[in-house]
Amino acid sequence: MSLKELKAWEIAEGYRNRDFSCTEVTEEFLNNIEEKDKDINAYLTVTKDLALEQAKKVDEKFNNREELSEISGVPISVKDNISVKDVKLTCGSKMLENYISPYDATLVEKIKSNDGVILGKVNLDEFAMGASTRTSYYGVTKNPLDLTRVSGGSSGGSAASVKSNQAAISIGTDTGGSVRQPSSFCQTVGMKPTYGSISRFGVSTMANTFDQPGVIAKDVRDAIMMLNVIEGRDERDATSVGNPGLNYNFDYSDDVIKNLEGVKFAIPKLYLEMNLNERVRKELEEAIKVLRDNGAIVEEYDIDSLGYTIETYNILVNGEIASNMARFDSIRYGHRTSKDYENIEEMYRASRSEGFGEEVKRRIMIGTHILSMDNADEYYYKALKVRGLIKNDMDKMFKDYDIMLCPTVPTLPFKIDDDMSPIEMYQADLFTIPANMIGAPSISLPMPLGEDGLSIGIEFTGKRFKDRDLLKAALGFERSLIK
Ligand code: GLN
């Protein structure tokens, strides 16, 4: 097995055993990017020099027997809506084509101070709005499992970079499923922790009451390793709350991990009554069997309010988007039109029309409409109430159950040239959104490859601040899948 195929924790173990150097590992990943990314298009910026410099530093520390962290020397890709100082931050938009970030996001600071090696910035749907990376100004990121299909979104570059061994681990963001949905499409693990666990400082905002950074990795253990580093309270983000697990520490031996005795899973009945893709339904049934065989209890549960998920999400999120996007005025930052203009109004209009893509404009328009005058009562405040209703119903379920179980996405990865309407696209988020609505931790876990060369993800959603229990169950399920 080559170095680039190793899991992040295996790389860390290799360093401790002096099996290889960080420079060797980093070079191998960089070479792979050079070779593969022409086909995949995961990276928007490769920070080769920074990565090699960092690798050299890590090797020196190893040679001097200095104290190192769990993620020292691990090659990482970062979604391009997260700030890395002195590196481009495009958010997948023409608007920020030439914008260089003047500071590090808190989570990036933490990666750097723990000696992680950042290889570069990866592709996303424009400002994280989408589920396919097709809305990126820089082109779609292809699915490494099947190059005719999308990698999912919005953190498609993150999932594709991990799956194609162009990074050992990646950081994404999740507003309505953007870490979990591409993980389902690309056969990676995608974890969005409890809202507030990871600071949003330095992370471009899409919808601030929903947004949460997350981790995309080759297995659950890798995700845990990264969460240990990047979670935590941050004074610069007023909504940050700290690390729910206060450093997760697990015994990874088989008999401990596989035990799912008595863990209670609930599947929303509504989801089972839907017209699910046949492959997806089959994999869900297989997942239920694996859970039951290992001691878990899996039952159906009625939550009718989940039927309002998509409408509620789109009203609330677009409202937040409309106000958050107002900052791109081409004065403080952003694309400035080269057309002539008579006044500031014309300048705004031309710059924003040229700088934003279709999906972003659609959402700004819907959001502005929803928030204007009487519409706010009619739509926005009503949707807030429904969000409360969904939260109450889910909290009630969590009194009797530990985890909500469902497929991560109702479908298989879309074909790149599938002609889908925005409404059809929005349906892809049906199962991922509830966790964002209520701020709960949620993880997508990959099923084995099928005969068609594709995999589907199974989603576990846990109770707020019970991330540790969620991760433990995820480890158990993952280990039980290995035949
Ligand atoms: N696909 C969802 C949307 O387009 C989620 C996006 C996200 O989580 N950033 O809104």
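What this report covers is the structure whose coordinates are included nearby. In this text the structure is predicted, and so the values were computed from the model without any measurement. (Residues numbered from 1 in each chain as written. Predicted model: local features only at pLDDT ≥ 70, side-chain atom pairs only at ≥ 80, totals over all residues. Heavy atoms only, no water.)

Examined against the element boundaries, N318 turns out to sit in helix 11 (residues 309-324). For N318, a relative accessible area of 2% translates into the label buried. Setting aside chain neighbours within four positions, we find N318 in contact with Y313, R363, I366 and G367. (Helix = DSSP H or I, 4+ residues; strand = E, 2+ residues; numbered from the N terminus. Buried < 20%, exposed > 50% of the residue type's maximum accessible area, 1.4 Å probe, protein only. Contact = heavy atoms within 4.5 Å.)

Compared with an ideal rise of 1.5 Å per residue, which puts twelve residues at 16 Å, helix 12 (residues 344-355) spans 16 Å between its outermost C-alpha atoms and is within 8% of the ideal. If you check which residues of helix 12 are buried, you get M347, A350, S351 and G355. Down the axis of helix 12, the smallest arc covering the buried residues is 120 degrees, so these residues share one side. (Expected span 1.5 Å × (residues − 1). Arc of directions from axis to C-beta.)

The contact between helix 2 (residues 22-40) and helix 3 (residues 48-63) brings their axes to 8 Å, and the two run at 160 degrees. Here helix 2 is positioned roughly antiparallel relative to helix 3, judged by the angle of their axes. Crossing handedness for the pair helix 2 and helix 3: right-handed. Contacts between helix 2 and helix 3 involve C22, T23, T26, E27, L30 and E34 from the first element and K48, A51, L52, A55, K56, V58 and D59 from the second. Grouping the amino acids of the contact of helix 2 with helix 3 by side-chain chemistry returns six nonpolar, two polar and five charged. (Axes fitted to C-alpha atoms, helices over the stretch in contact; angles between N-to-C directions. Parallel < 35°, antiparallel > 145°, perpendicular 65-115°, else oblique. Left-handed = near helix turned anticlockwise from the far one by under 90°. Nonpolar A, V, L, I, M, F, W, Y, C, P; charged D, E, K, R; others polar.)

Turning next to the pairing of strand 8 (residues 212-217). Sheet faces and side chains relate simply in a regular strand, where the side chains alternate between the two faces. Across the six residues that make up strand 8, a large majority, six, are buried. Along strand 8, one buried face is formed by Q212, G214 and I216 and the opposite face, lined by P213, V215 and A217, is buried too. The sheet contact formed by strand 6 (residues 169-174) and strand 8 spans six bridges and is antiparallel. Each residue of the ladder has a partner; that of G172, found in strand 8, is G214. (Pairing = 2+ DSSP bridges.)

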